[in-house]
Amino acid sequence: MIALGARPVAVRNVRIAGPTRQYVPFDDVCDVVMQNGKIVDFSPVGALKHNGAVWDAEGSWVMPGLWDHHIHSTPTALASMRTDVFAATSAQEAADIMSMVAPAADGRRIGVRMRDGLWAERPTLALLDETNGSVPTYAINMDLHSVWMNSAAFLREGIPATPSGIVREEVAFEVSRRLGDLDTEVLDAAVSEVADRAASRGVVGMIDYDFGWNLTPWVRRAADGFDAVRVQFGVYPQHLARAIAHGLATGDVIDELGLITVGSLKAISDGSLGTRTAACSHPYPDHTSGLLAIAPEELVELMTTATGAGFACAIHAIGDVANSHALDAFQTTGAWGSIEHAQLVSRVDLPRFARAGVAASVQPTHAVDDRDLADREWAQQPGAAYPLRSLHDAGANLLFGSDSPVAPLDPWLAIANAVERTADDREAWLGHERLDVATALAASVSGSQHEPLMDIGAAADLVFCAQDPYAAQGAELRHMTVNATLLEGRFTHLG
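Description of the structure in this document. (Residues numbered from 1 in each chain as written. Predicted model: local features only at pLDDT ≥ 70, side-chain atom pairs only at ≥ 80, totals over all residues. Heavy atoms only, no water.)

## A closer look at the overall build of the chain
Phase 1: Within the chain, the regular secondary structure consists of 17 helices and 23 strands.
Phase 2: For the chain, whose C-alpha radius of gyration is 23 Å, the value lies close to the compact-globule estimate of 23 Å for 495 residues.
Phase 3: Taking the principal axes of the C-alpha coordinates as reference, the chain spans close to 75 × 55 × 50 Å.
Phase 4: Here the chain holds 495 residues, and the buried ones make up 58% of them.
Phase 5: Looking at the chain alone, contacts between residues at least 24 apart form 73% of all its contacts between residues at least 6 apart.
Phase 6: For the chain, the computed accessible surface area is about 19000 Å², with 53% contributed by carbon and sulfur atoms.
Phase 7: When the 35 positive and 62 negative side-chain charges of the chain are each reduced to one mean point, those points stand 1 Å apart. (Helix = DSSP H or I, 4+ residues; strand = E, 2+ residues; numbered from the N terminus. Rg over C-alpha atoms; globule rule 2.2 N^0.38 Å. Buried < 20%, exposed > 50% of the residue type's maximum accessible area, 1.4 Å probe, protein only. Contact = heavy atoms within 4.5 Å. Areas by Shrake-Rupley, 256 points an atom, 1.4 Å probe, with all protein chains shown as cover. Lys, Arg positive; Asp, Glu negative; His and termini not counted. Charge placed at Lys NZ, Arg CZ, Asp CG, Glu CD.)

Here is the structure:
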């Protein structure tokens, strides 16, 4: 009997999904043969004698394992322990929801997935004080770029209160970091649960951009036996000198299993749409234009330092102005890496991604979640909003992620939203930006939009699906049944 954690020497009765099929001379099912965690052969069913455990896939479709190219592990892990205010349609309703929650053991109330950009009235400090009194209360925006707090929370954090009760950008990130500073055993157990759930959806790797010094927790988790997925972790500008002093660089392996590696320098160059701080060329309806968190010349200096030290760069840029400056910096410095989000891109900048060799690390679910807000706040913006097809057609390398907990850590959801551009019964939003299934699947595999082949000699990082993902559409993609996930030939999920 095959069990979770087992390492079969072969998987029998498999159907090949995607481009690898053209290189395998079998029309129907075959065996995938593995050794030392790598694919060593595709053979006719039963043609080879196997000295070891064999799992019968019973006709499952196999393709390379999936990656989430952008998550925040701590907020994702803690989301289920916090109060969801996503359904609130007003500041009053959100405040009332929070007031009915019993304070946690540390005396705080913490809400998540606030969407104040869709509310008719703006949040105020007075409203949250009136409804939540002396209990320190926090509501974290769905985009993580702002937090609504009452006076007791401001007092607890030692931060001057604002009339709106809202703190934004760097202050909000610091507040979120403090709220996630919990007992390490509790936090690590929650992160492991996140990884296990991800593996159950066919995920073999994720890129973690948690707000902090990420080396320490990932070394600790690796030592404690974390092995559900591969992890690349980001380094933020305030920690870059420390990382260089440790002799770290992108690609360095920090654990014995080879699953945890150092990722990119992660720099946040502007704000977000939900907080109305993404740096844009044309004003928002309130006559602001967002903000640049890093001046262009400072971004060039930062990326020059990172590149010289062997770090790839992952630059958060949402507004068209921020994307232009990020592309300028990549071209000036010769840095390599990605632009994260790329939610509003000047049309003249679309081909610059390919010319600079910069990947577009995008989150298709944001497009369907943000459509109403974007239609209102970016109605006067001339750039391409949430471009997918436009970037792909311009030659950009698309990488899909969730930005979890902003969107669920489920690559099938991202794939479906890229293909459909709607999450309800409305027509596709900006339907010309829809992708075909093959392109969306390729963007969900590690590192490249090129044909996701299962090469002989490659790591046996594989997902086995109940139906052919390349032939699936709509609900079939959203609810894809994953029968098993292999990571280096070891079962991390077995349905």
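## A closer look at the sheet that holds strand β11 (residues 166-168)
Phase 1: Reading across from one edge, β7-β8-β9-β10-β11 is the order of the five strands in this open sheet, with mixed pairing throughout. For this open sheet the edge positions go to β7 (83-84) and β11, each flanked by a neighbour on one side alone.
Phase 2: Where β7 meets strand β8 (residues 109-114), two bridges bridge the pair, whose relative direction is parallel. In the sheet register, Asp-84 faces β8, and the bridge partner there is Val-112.
Phase 3: Its contacts with the sheet put helix α3 (residues 125-132) on β8, β9 (137-141) and β10 (146-149), and the angle it makes with β10 is roughly 50°.
Phase 4: Its contacts with the sheet put helix α5 (residues 169-179) on β8, β9, β10 and β11, and the angle it makes with β11 is roughly 100°. (Pairing = 2+ DSSP bridges. Axes fitted to C-alpha atoms, helices over the stretch in contact; angles between N-to-C directions.)

## Here we look at the packing of aromatic side chains
Phase 1: Under the counting rule described, the total for this entry stands at eight aromatic pairs.
Phase 2: Ring geometry for Tyr-386 and Trp-429: centres 5.6 Å apart, planes at 65°, overall edge-to-face. Of this pair, Tyr-386 sits in the loop between β19 (384-385) and α14 (389-393) while Trp-429 sits in the loop between α15 (411-420) and α16 (437-442), and the two are 43 residues apart along the sequence.
Phase 3: Tyr-386 sits in the buried class, given a relative accessible area of 4%.
Phase 4: Three or more aromatic residues joined by ring pairs make a cluster, and in this case those are Trp-55, Phe-464 and Phe-491.
Phase 5: Over the face of the ring belonging to Phe-86 we find Arg-113, whose NZ or CZ atom lies 4.2 Å from the ring centre.
Phase 6: The positively charged end of Arg-221 is found above the aromatic ring belonging to Trp-218, 4.5 Å away from the centroid. (Phe/Tyr/Trp six-rings, centres within 6.5 Å; stacked < 30°, edge-to-face > 60°. Lys NZ or Arg CZ within 6 Å of the ring centre and 35° of its normal.)

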